[in-house]
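# Architecture and fold: a report
Chain residues, written in single-letter form:
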Amino acid sequence: MSEILENISSTAELQNSVVRALSKVLDQQDILFTPEDTTPYECDGLTAYRQRPLCVAIPKDLNQLQQVLKICHSLNVPVIARGAGTGLSGGAMPSPKGVTLSMARFNKILNINPHARTALVQCGVRNLAISEAVSHLGLYYAPDPSSQIACTIGGNVAENSGGVHCLKYGLTLHNVLKVKGFTIEGEPIEFGSEALDTPGLDLLPLIVGSEGMLAITTEVVVKLTPKPELARCIMASFDDMRKAGNAVASIIASGIIPAGLEMMDKPMTAAVEDFVHAGYDLNAEAILLCESDGTLEEVEEEIERMRTVLNNSGATAISVSKSEAERLRFWSGRKNAFPASGRISPDYMCMDSTIPRKRLADILQAIAQMEHKYSLRCANVFHAGDGNLHPLILFDANDPDQLHRAELFGADILETSVKMGGTVTGEHGVGVEKLNSMCVQFSADELEQMFSIKRAFDPKGLLNPGKVIPTLQRCVEYGRQVIHHGQVAHPTLPRF
């Protein structure tokens, strides 16, 4: 009991010290530290794990942001940057002895250059807001994660987000030219260049996808893409999941790179059809959405080529959108897969692994077996074109046993993906969710190299600590538990 009281006392003293220091550079209303004020920041989109921060700092400008970082660095207080909180791997999970840094006020589009087809935006600008701002110029920002109406460009940079059109147009990394920000010491730093190349080491690919561990992003120069003249979408039904998976591989093998190539299984189709009434075939075991965009001639040719491949692959029904409204209706179901799942289950855990395209049917068969193993349902949706899986494990977080089984189920999917030649993450990041599975993917030497990069940017380890890279000790303990349990996926994630 005395130890608990001592911890409470020390935390209160730390909070008082930090709040006093921050009060010198921030207005009182921009520092949140009471439980009722910090509770909204206790998790991101991964709601199964929650922890209130020591306090929340909401700077108004770059000068305030820089001073906050300098204060935290001098006090050895962790800093966790937070955008819109739409992440799905716990990347914005607070530290109970750290400052959550809200970047919500950095939400301005600073410059649009239609000649260079670029835009300079602050990190808090919403993904979709960029396309809305340049639509009149015949341009748009290509990466389109499902949360694009809310997620911010800073968060997209942190996670290297993709979306349903990333197969043709690339991930965030392929659509960003330059990133500006601050180190944990409050020093300005830049990655990349608005030119075709940058002098020195090319560190832009290092910061994109670094999950807030290396620097705080403040401004981003993004590429703008011309709107295609026309886009049409094929909706194809299959009576067998393996046929659908083989169709995906066949489309790519034929030399076609669709603008989008997505797959949904029967449970997911039923969930979204009941939600948005997109006109999906409820009898199909799998549905493929294949989009073509470009000029009228290009689209007509590509649609016919894809139709031929789909027919040869065993499609039981094929529909092609006849209007823009119908195309958007086809996509509405895929875009609403996550909220639709929330209507049929109290909670869901959205996984995010990648596999070789040819193994789609194999991983789905494995997931079906896991449903029986863990006595939980799973609805599946995929960025099929690039092998990025999003199985949604359905459970009730109010039941500790169901949460435990969901964790085991998720780890099993991730580690089975690795065994099939894939990776533990595609676009949602590692965060806290996939720490144990990183031990399966990477060797001790590889993890140490990652820590070396982290130390080069953040010697004290204050930026987003305890995320992304598991310690070697953690991996040793995880390995012992694996051996003890005698199965693929095992321990629950730590309670932060």
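The rules behind these values
Residues numbered from 1 in each chain as written. Predicted model: local features only at pLDDT ≥ 70, side-chain atom pairs only at ≥ 80, totals over all residues. Heavy atoms only, no water. Helix = DSSP H or I, 4+ residues; strand = E, 2+ residues; numbered from the N terminus. Rg over C-alpha atoms; globule rule 2.2 N^0.38 Å. Buried < 20%, exposed > 50% of the residue type's maximum accessible area, 1.4 Å probe, protein only. Contact = heavy atoms within 4.5 Å. Areas by Shrake-Rupley, 256 points an atom, 1.4 Å probe, with all protein chains shown as cover. Lys, Arg positive; Asp, Glu negative; His and termini not counted. Charge placed at Lys NZ, Arg CZ, Asp CG, Glu CD. Pairing = 2+ DSSP bridges. Axes fitted to C-alpha atoms, helices over the stretch in contact; angles between N-to-C directions. Patch = residues over 30% accessible without salt bridge, like charges linked within 9 Å, V, L, I, M, F, W, Y side chains within 5 Å. Salt bridge = Lys/Arg side-chain N within 4 Å of Asp/Glu carboxyl O.

## Some thoughts on the overall build of the chain
Helix and strand content of the chain: 17 helices and 19 strands. In terms of C-alpha radius of gyration, the chain reaches 23 Å, essentially the compact-globule figure of 23 Å for 496 residues. Counting only C-alpha atoms and orienting by the principal axes, one finds that the chain spans roughly 70 × 60 × 40 Å. Every one of the 496 residues in the chain was classed for burial, and the buried ones make up 54%. Once local pairs closer than 6 in sequence are excluded, the contacts in the chain between residues at least 24 apart make up 72%. By element, 52% of the accessible surface of the chain is carried by carbon and sulfur atoms, the whole surface being about 20,700 Å². In the chain, the 44 positive side-chain charges and the 58 negative ones have mean positions that sit 1 Å from each other.

## Quick look at unusual backbone geometry
Excluding glycine, residues mostly have negative phi values, and the peptide bonds linking residues are mostly trans. A positive phi is found at Asn 160, a non-glycine position, where the angle reads about 55°. At Asn 464, a residue that is not glycine, the phi angle is positive and equals roughly 45°. The buried category is assigned to Asn 464, whose relative accessible area is 3%.

## Observations regarding the sheet that holds strand β2 (residues 55-57)
An order of β1-β2-β4-β3 is seen for the four strands of this open sheet, with the pairing classed as mixed. Two strands bound the open sheet, and with one partner strand each, they are β1 (31-32) and β3 (79-82). The sheet contact formed by β1 and β2 spans two bridges and is antiparallel. When the sheet's bridge partners are listed, Ile 31 is paired in β2 with Ala 57. Contacts from helix α3 (residues 62-75) reach β2, β3 and β4 (99-102) within the one sheet, and its direction differs from that of β4 by about 170°.

## Focus on a negative patch on the surface
Together, Glu 229, Glu 297, Glu 298, Glu 300 and Glu 301 make up a negatively charged patch on the protein surface. Mapped onto the fold, Glu 300 is located in helix α10 (residues 296-312).

## Notes on the sheet that holds strand β8 (residues 176-182)
Pairing within the open sheet is antiparallel, and its five strands lie in the order β5-β6-β10-β8-β9. At either margin of the open sheet sits one strand with a lone partner, and together these are β5 (109-113) and β9 (188-192). Put simply, the sheet's adjacent strands are angled 15° from each other on average, direction ignored. For β8 and β9, the ladder comprises five bridges, and the chain directions are antiparallel. Within the sheet, the bridge partner assigned to Gly 181 lies in β9 and is Ile 189.

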